[in-house]
Amino acid sequence: MSARLRQIKDWYETNEKSVSTISLIAGFVFDSLTLQRIDNFRDNLWLSLNLLLVGTCIIFLNRQKFHESWKHFWLLNTLQFGLGNILGGFFILYFRSGTLSASWPFLILLLFALVANELFQKRYARLVLQLSFFYLAVFSFSIFLVPIFLHQIGPFVFILSGMASLLVFWLFILLLKKLISERFKESSRPLFFAVMAIFFGINVLYFANLIPPIPLSLKDAGIYQYLSRDSRGSYIIAEEKKRFMDYFSFHETIHLVPGDSLYAYNAIFSPTNLDTRIIHEWQYRDEETGKWLTAARIPLLLSGGRSGGFRTYSTKSNLTEGDWRVNIATPRGELLGRINLRIISASVRPPLIYQVKK
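A few points on the structure.

Moving on, we get to the overall build of the protein. Regarding its fold elements, the protein presents eight helices and 11 strands. Burial analysis of the protein (358 residues in total) assigns 48% to the buried set. Intrachain contacts of the protein at a sequence separation of at least 6 include 73% that bridge at least 24 residues. Carbon and sulfur atoms make up 63% of the accessible area of the protein, which amounts to about 18700 Å² in all.

Next up on the list: the sheet that holds strand β7 (residues 292–302). If you trace the five strands from one edge of the open sheet to the other, you get β4-β10-β9-β6-β7, paired in mixed fashion. The open sheet terminates on both sides in strands that have one partner only, identified here as β4 (252–256) and β7. Going across the sheet, the axis of each strand differs from the next one's by a mean of 25°, ignoring polarity. Pairing of strand β9 (residues 322–329) with strand β10 (residues 335–345) involves eight bridges; the strand directions are antiparallel. Pairing of asparagine 327 across the sheet is with arginine 338, part of β10.

Scanning all chains against the criterion turns up 18 aromatic pairs. Centre to centre, the rings of tyrosine 135 and phenylalanine 139 are 5.9 Å apart; their planes meet at 45°, and the pair counts as tilted. Here tyrosine 135 and its partner phenylalanine 139 are both found in helix α5 (residues 123–150), four residues apart, which amounts to about one turn of the helix. The burial state of tyrosine 135 is the same as that of phenylalanine 139; both residues are buried. In this structure an aromatic cluster arises from ring pairing among Phe134, Tyr135, Phe139, Phe158, Phe169, Phe172, Phe199, Phe200, Tyr206 and Phe207. Taking the ring centre of phenylalanine 269 as reference, the NZ or CZ of lysine 219 above it sits at 5.9 Å.

Right, let's get into the nonpolar core. A general trend in soluble globular proteins is that nonpolar side chains are found buried together. Membership of the largest hydrophobic core comes to 46 residues, with the highest contact counts inside it found for Phe90, Leu131, Phe134, Phe144, Phe169 and Ile202. Each residue touching phenylalanine 169, except ones within four places of it in the same chain, is listed here: Leu131, Phe134, Tyr135, Leu191 and Val195. In terms of nonpolar packing, the next biggest core, distinct from the first, is built from 20 residues, Ile223, Ile268, Trp324 and Leu336 among them.

With that settled, consider the sheet that holds strand β1 (residues 217–224). A sheet is described by the order of its strands in space; here three strands give the open sequence β1-β5-β8, paired in antiparallel fashion. Where the open sheet ends on each side, the last strands, each with one partner, are β1 and β8 (310–316). Looking at each pair of strands side by side, their axes are set apart by 15° on average, direction ignored. Strand direction decides the pairing type here: strand β5 (residues 262–269) and β8, joined by seven bridges, are antiparallel. Considered in β8, the bridge of alanine 264 is made with serine 314.

Together, Phe41, Leu45, Leu49 and Leu52 line one region of the surface with nonpolar side chains, adding up to about 440 Å² of accessible area. With respect to the element layout, leucine 45 can be found in helix α2 (residues 41–61).

A word on the packing of helix α6 (residues 155–179) against helix α8 (residues 188–207). Running from amino to carboxyl end, α6 crosses α8 at an angle of 165°, the nearest separation of the two axes being 11 Å. When the interaxial angle is binned, α6 and α8 end up roughly antiparallel. In the crossing of α6 with α8, the sense of the turn from one axis to the other is right-handed. Contacts between α6 and α8 involve Pro155, Phe158, Ile159, Gly162, Met163, Leu166, Phe169 and Ile173 from the first element and Leu191, Val195, Met196, Phe199, Ile202, Asn203, Tyr206 and Phe207 from the second. Grouping the constituent residues of the contact of α6 with α8 by class yields 14 nonpolar, two polar and no charged.

The omega angle of the peptide bond from isoleucine 214 to proline 215 is 20°, so this bond is cis rather than trans. Within the element layout of this structure, proline 215 appears in the loop between α8 and β1. With a phi close to 60°, histidine 151 is a non-glycine residue in the positive phi region. With respect to the secondary-structure elements, histidine 151 resides in the loop between α5 and α6. Judged by relative accessible area, which is 34%, histidine 151 ranks as partly exposed.

Rules used in this analysis
Residues numbered from 1 in each chain as written. Predicted model: local features only at pLDDT ≥ 70, side-chain atom pairs only at ≥ 80, totals over all residues. Heavy atoms only, no water. Helix = DSSP H or I, 4+ residues; strand = E, 2+ residues; numbered from the N terminus. Buried < 20%, exposed > 50% of the residue type's maximum accessible area, 1.4 Å probe, protein only. Contact = heavy atoms within 4.5 Å. Areas by Shrake-Rupley, 256 points an atom, 1.4 Å probe, with all protein chains shown as cover. Pairing = 2+ DSSP bridges. Axes fitted to C-alpha atoms, helices over the stretch in contact; angles between N-to-C directions. Phe/Tyr/Trp six-rings, centres within 6.5 Å; stacked < 30°, edge-to-face > 60°. Lys NZ or Arg CZ within 6 Å of the ring centre and 35° of its normal. Core = buried A, V, L, I, M, F, W, Y, C linked by side-chain atoms within 4.5 Å. Patch = residues over 30% accessible without salt bridge, like charges linked within 9 Å, V, L, I, M, F, W, Y side chains within 5 Å. Salt bridge = Lys/Arg side-chain N within 4 Å of Asp/Glu carboxyl O. Parallel < 35°, antiparallel > 145°, perpendicular 65-115°, else oblique. Left-handed = near helix turned anticlockwise from the far one by under 90°. Nonpolar A, V, L, I, M, F, W, Y, C, P; charged D, E, K, R; others polar.

Put into C-alpha cells, the structure is as follows:
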C-alpha cells in the first residue's frame, strides 16, 4: 500500500463516525429538496431503491469478508447516505401533510440518528441500530404507500400498513439469518425489542393524532372576507391589505362589521382516486377560562388527483370579537393545518384586496 493510501486509510479510521454522519446529513438534505408529490411513481421508486440499497449495505457490512477498510468505507457511507435520503424524504412528505407540531417526531428521529451514530460503537449494537432504522423506514413508507394503493385512509388502513411493514421486515430478517447467521444471533433479542418499540410507538403516535394524515397534504389555506367562484372554476377571494409586521404575526387580524361572514378556504392534495372528507372546525377562545370552544364543525368533501390540491371552503357568521382559529382536520381529528385569527369589531368595512386562485 502506497504512503498516500496509508494516510487516507489512517485518516478515515480516525474520522469514521464523523464522515458517516456527514453522509447521513447529505442524504437528508438531498431528498428534502428533490421530492415532489407523494403519489409520484418516480419519487416512490426512488424511495424504494433507497430502501433496497440500505438493506443491501446492511447485509454486506456485516459479512466478515467485507471488513477491509476501503469496502467498509463505501458500504458504510452508502448506507448512511441512503438512510439520510429516506429520513429526508419522509420528513418533507410528512411536513407537507401537516403542521410542524405534527411533524416533530421526524426531527427527533434525525437528531437521534446523529447522536446514535456517535454513541453506538460495538458492531452488534451498530447492527441493531441499522436494522431499527431500516424497519422505521419500511413502516413510514408503508403508512402512505398502502393508502395510495387502496385509495382509502383511516385506522383500518393504518393497521394494515403496520402489518405490511412487519411482513416485509420479517422476510428481510429471514434473508439476513441465512447470510450472516453468527452476527445475527447476538443481535436478535435486542432487535426484537427495538422493532416492537418502534411498532407500538408509531401506533401510539397515530392514535394520539400526532402523525400527520399522510397521504393528504395541505397546499394552501386562508381566511377571507369575500369569496366566490367564477364560470371557469377559479376562486375569487378578498382580504384586508396586510401591513409589513402582519407577515410576522402568529395570527391574522381581521376588522369585521358585526353580522358579516368570514370564509375559510383551503386547497388539499389527495392522491388520484383517494376521495375522502375533511372537517373545518371553527373555534373561539373563552376569555374567562382560556379554553378553545367549538362553535361549528363543517364537513367537506375532498376529491383526489389535482396537483395543486382540491379547493373547498366553509363560511361562518355571527363571529364575536376575540381570538378564533379554524382547524383543518380529518373526521377523526388528524390535523392538516390551522388558521389563527383575531377579530376586531368595526363599524365600517375595511378596503379589500381581490385576487384569483386558479
